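A closer look at the structure
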Amino acid sequence: MSNKKVLVIEDDRDVRLGYHVLLKSSGYDTFFAEDGMTAVTEARKQQPDVIILDLGLPAGDGFVVLERLRANTSLSLIPVIVVSGRDIHSSKERALKAGAKAFLQKPWDDRELLTLVRQLAGQSSMSASST
Ligand code: CA
């Protein structure tokens, strides 16, 4: 059984470290991209089960990345959790409209984040979800 893969797109080194510790200790293989340019390349390479996307990024913000992911057939189905600390209401609406599965406000709660990742990682590996 292989671990689920999570790709984290985040430019802040300390925040990346936080994700690394949290996700790794929860059994996820964690990969990182630091800007909008490498985000899509990395997603293509790793084919993650879940993507965690920060909105404030250099070289193309999170919305640009989200658009690029959705436009790519091999990546468009990967669930994306958008994370942001600014303009919560407008960002959330815009992110969900653009195809994000979930929106998390910074600073996120570890348990909340893990629950989301678990839900979405499970979702992407099953062909049908019924509850
Ligand atoms: Ca950022």
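Our subject in this report is the structure included herewith. (Residues numbered from 1 in each chain as written. Predicted model: local features only at pLDDT ≥ 70, side-chain atom pairs only at ≥ 80, totals over all residues. Heavy atoms only, no water.)

A few points about the coordination of the calcium ion
Angles at a metal have ideal values that depend on geometry: 109.5 degrees with four tetrahedral donors, 90 or 180 degrees with six octahedral donors. The test is simple: Note that water is not among the atoms used; donors are N, O and S atoms within 2.8 Å of the metal (3.2 Å for Na, K and Ca), so sites may look incomplete. Under the scheme used here, helices are H or I runs from DSSP no shorter than 4 residues and strands are E runs no shorter than 2 residues, and both carry numbers assigned from the N terminus. We call a residue buried when its accessible area falls under 20% of the maximum for its residue type, exposed when it is over 50%, and partly exposed in between, using a 1.4 Å probe and counting protein chains only.
Each protein donor to the calcium ion is listed here as Asp 11 (OD), Asp 54 (OD) and Gly 56 (O); together their distances run 2.1 to 2.4 Å. Sequence spacing of the donor residues for the calcium ion, all on one chain, is D-x42-D-x1-G. Within this pair, whereas Asp 11 is found in the loop between β1 (5-9) and α1 (13-25), its partner Gly 56 is found in the loop between β3 (50-54) and α3 (62-71), the two being separated by 45 residues in sequence. Residue classification places Gly 56 among the partly exposed positions, given a relative accessible area of 30%.

A closer look at the environment of Leu 7
Position of Leu 7 among the secondary structure elements: in strand β1. The spatial distance from the C-alpha of Leu 7 to the C-alpha of Thr 115 is 16 Å, given a sequence separation of 108 residues.

Concerning the pairing of β3
Consecutive side chains along a regular strand alternate between the two faces of the sheet. What counts here: A pair of strands counts as paired when DSSP detects no fewer than two bridges linking them. The path from the first strand over the helix to the second decides the hand: if it runs clockwise while the strands point away from the viewer, the crossover is right-handed.
Burial analysis of β3 places 5 of its 5 residues in the buried class, the great majority of the element. Relative to β3, β1 runs parallel, the two sharing 4 bridges. Along β3, the bridge assignment pairs Ile 9 with Leu 53. Looking at chain direction, β3 and strand β4 (residues 80-84) are connected through 4 bridges and run parallel. Counterpart to Ile 52 in the pairing with β4 is Ile 81. This β-α-β element, β3 to α3 to β4, shows right-handed connectivity.

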